[in-house]
Amino acid sequence: MEIKLMGVRGSLPTPLVNDEYRERLKSILDLAAREGLRPDRVEDFIGKLPRELSTVYGGNTTCVTVTSSSGNIYIIDCGTGIRPLGDQLLKGPCGRGEGMANIFITHTHWDHIQGLPFFKPLYIKGNTLNFYSPYPDMENRLIHQQGDFRFFPAPFEKTASTKHFHLMDPETPLVMEKDLIVSCFPLKHPGGSIAYRFKQGGKTFIFATDVELTGEMLEKPGNDTDFFLGADLLIIDSQYTLDESFMKFDWGHTSYTVAVNCAIRWDVETLVLTHHEPSYSDAALRNIHSEALEHREAMSMSRPEVIMATEGTVFKL
Ligand SMILES: [Zn+2]
Ligand SMILES: [Zn+2]
């Protein structure tokens, strides 16, 4: 399986602001001046820049793709990251009206569906969009988002593609391909949210965003978290710092500290922290990453690997 992050921001799309961009530009030019950079060395120079200067975490809201070993693409959530994904898909069968998109939706808070009206394959006759979720009224929810011309000019039900809605049951895993099995698990979040687990070729990927995990939950006997055990890759909501998670109790998100504790308890190989708080700069997110690593070390653990979700990152399992 190959997992690609198309949108990693929580709540609201968050473009890089000019002040932050200028600050970064200044640091890069300072470095270049100190090195006496020659024009023919520019590519090489960029390649050697520290990560904090060469990349941004990204401002699009949640969207992730899973490409199976046979090359089929599965999409999780329709935040604004699905817009550039749609543009990429247009280069293949979706551009000719011969494509199929399988879309799993965690829940319908705005940041998880707001990109769908801008997903161009939706508007092309001949394309088929399969929506998967445990929500029986998913079609109505999408019509509600995109059904009133006062807010958007093209109603969802009049878009040209064919849409199918598949109801999932947390008790019954779906066999999507001969060895690709997708299961779901309900999460604590206002209005509910759903984690998805993809298993193929002995590897497991779990996507669990918009979830409020707490230390007590981990301690509580009989808490059914077997779903999460032994993942090779777990991408999880960690919008808050620990202090914030106390102030924002019941808001439905998790602190990075608890996310690390959970990943240790669940024997996760690689933990990716996502749903970044929109008010946090890249510098603040880098700080959170360092603190998450310090927290893991304070627990005397060398695993899991802890990574901050960054738009465009690809994980191969
Ligand atoms: Zn969200
Ligand atoms: Zn939510």
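How each quantity is defined
Residues numbered from 1 in each chain as written. Chains lettered and ligands numbered in written order. Predicted model: local features only at pLDDT ≥ 70, side-chain atom pairs only at ≥ 80, totals over all residues. Pairing = 2+ DSSP bridges. Helix = DSSP H or I, 4+ residues; strand = E, 2+ residues; numbered from the N terminus. Axes fitted to C-alpha atoms, helices over the stretch in contact; angles between N-to-C directions. Buried ≥ 20, exposed ≤ 12 C-beta atoms within 10 Å, placed from the backbone. Arc of directions from axis to C-beta. Contact = placed C-beta atoms within 7 Å. Parallel < 35°, antiparallel > 145°, perpendicular 65-115°, else oblique. Left-handed = near helix turned anticlockwise from the far one by under 90°. Nonpolar A, V, L, I, M, F, W, Y, C, P; charged D, E, K, R; others polar.

1. Considering the sheet that holds strand β4 (residues 100-104)
Line of reasoning, step 1. One open sheet holds the 7 strands; their spatial order is β6-β5-β4-β3-β2-β1-β14, and the pairing between them is mixed. Only two strands of the sheet have a single partner each, and these edge strands are β6 (162-167) and β14 (314-316). Direction aside, neighbouring strands of the sheet carry axes that sit 20° apart on average.
Line of reasoning, step 2. The sheet contact formed by β4 and strand β5 (residues 128-133) spans 5 bridges and is parallel. Its bridge partner lying in β5, Met100 is registered against Thr128.

2. Describing helix α4 (residues 82-89)
Line of reasoning, step 1. Every buried residue belonging to α4 is among Ile82, Arg83, Leu85, Gly86 and Leu89, and all of these are buried. Relative to the axis of α4, the buried residues are bounded by an arc of 160° and lie together on one face.
Line of reasoning, step 2. Its buried side turned inward, α4 meets β1 (2-7), β2 (63-67) and β3 (73-76).

3. Details of the packing of helix α8 (residues 256-265) against helix α9 (residues 282-298)
Line of reasoning, step 1. At their nearest, the axes of α8 and α9 sit 9 Å apart, and the two run at 40° to each other. With respect to each other, α8 and α9 are oriented oblique. The hand of the α8/α9 crossing is right-handed. Between α8 and α9, the residues in contact are Tyr256, Thr257 and Val260 and Ile288, Glu291, Ala292, His295 and Arg296, respectively.
Line of reasoning, step 2. When its residues are assigned to classes, the contact of α8 with α9 shows 4 nonpolar, 2 polar and 2 charged.

4. Quick look at the environment of Glu244
Line of reasoning, step 1. Inspection of the secondary structure puts Glu244 in helix α7 (residues 242-247).
Line of reasoning, step 2. According to the C-beta neighbour criterion, Glu244 is partly exposed, with 14 such atoms within 10 Å.
Line of reasoning, step 3. The spacing of Glu244 and Glu35 is 209 residues in sequence and 41 Å in space, taken between C-alpha atoms.

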